[in-house]
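# Structure assessment
Read off the chains here:
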Amino acid sequence: HARISEAQAVGLRIEEIFPEIANTRICQAIRMALVHGLSSILSQSLHGALLPLFPLKGQPHAEVGGQLQQTVTISPPNSPGKERHCLIQVIDLTDVVKREHLLRAQAHHVQSLADEYHTNELYLRAILDHALDAIVTTNEQGCIEIFNPAAEKIFGYEAWEVKGQKVRLLMP
């Protein structure tokens, strides 16, 4: 929402509607469309704030109070005649940007959990590898899952030989 009515905007140049965009990249792109017939796509991430547009009251992101995240496409339509016009298309990316921020935060959280898991796995592996006592674990079916180096020495089997085997293999 530009905070200006359609009736007020009709017939005005864009710089009159949005004085704050005078001499910006968006005005340069409009001139290129009008003078040379060239199209442009401008993104907020590359060109900063483009048009000062705000969400309408009652929209989900209206309570934030900030400007809409946007991409602007400027195209000169093929029209016969001497007077040139250009089409300015604004795409509201506010929800997309919010979802991207949320996904990045979730990815960071998942990465920190994975790092913590890896650290815990290394810690557990160090304990198992350096324990003086045999450590043997089994699953619910009684199959060996963990067989540490001390167990190899005590029972005379290497871990690869007993993993997946029934624990009764170790009992005489």
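Residues numbered from 1 in each chain as written. Predicted model: local features only at pLDDT ≥ 70, side-chain atom pairs only at ≥ 80, totals over all residues. Heavy atoms only, no water.

## Digging into the pattern of salt bridges
- Applying the stated criterion across every chain, the model contains 3 salt bridges.
- A salt bridge links R104 to E100, with the nearest nitrogen and oxygen atoms 2.7 Å apart. On the criterion of helical spacing, the pair formed by R104 and E100 is a turn pair, its members being 4 residues apart in helix 5 (residues 94–130).
- On the basis of relative accessible area, R104 is assigned to the exposed category, the value being 55%.
- Judged by its relative accessible area of 38%, E100 falls in the partly exposed class. (Salt bridge = Lys/Arg side-chain N within 4 Å of Asp/Glu carboxyl O. Helix = DSSP H or I, 4+ residues; strand = E, 2+ residues; numbered from the N terminus. Buried < 20%, exposed > 50% of the residue type's maximum accessible area, 1.4 Å probe, protein only.)

## Observations regarding the pairing of strand 2 (residues 70–75)
- With 5 of 6 residues buried, strand 2 lies mostly within the body of the structure.
- When strand 1 (residues 40–43) meets strand 2, the two strands line up antiparallel, connected through 4 bridges. Paired with S43 across the two strands is T71, which belongs to strand 2.
- When strand 2 meets strand 3 (residues 87–92), the two strands line up antiparallel, connected through 6 bridges. The partner of T71 across the bridge, within strand 3, is I91. (Pairing = 2+ DSSP bridges.)

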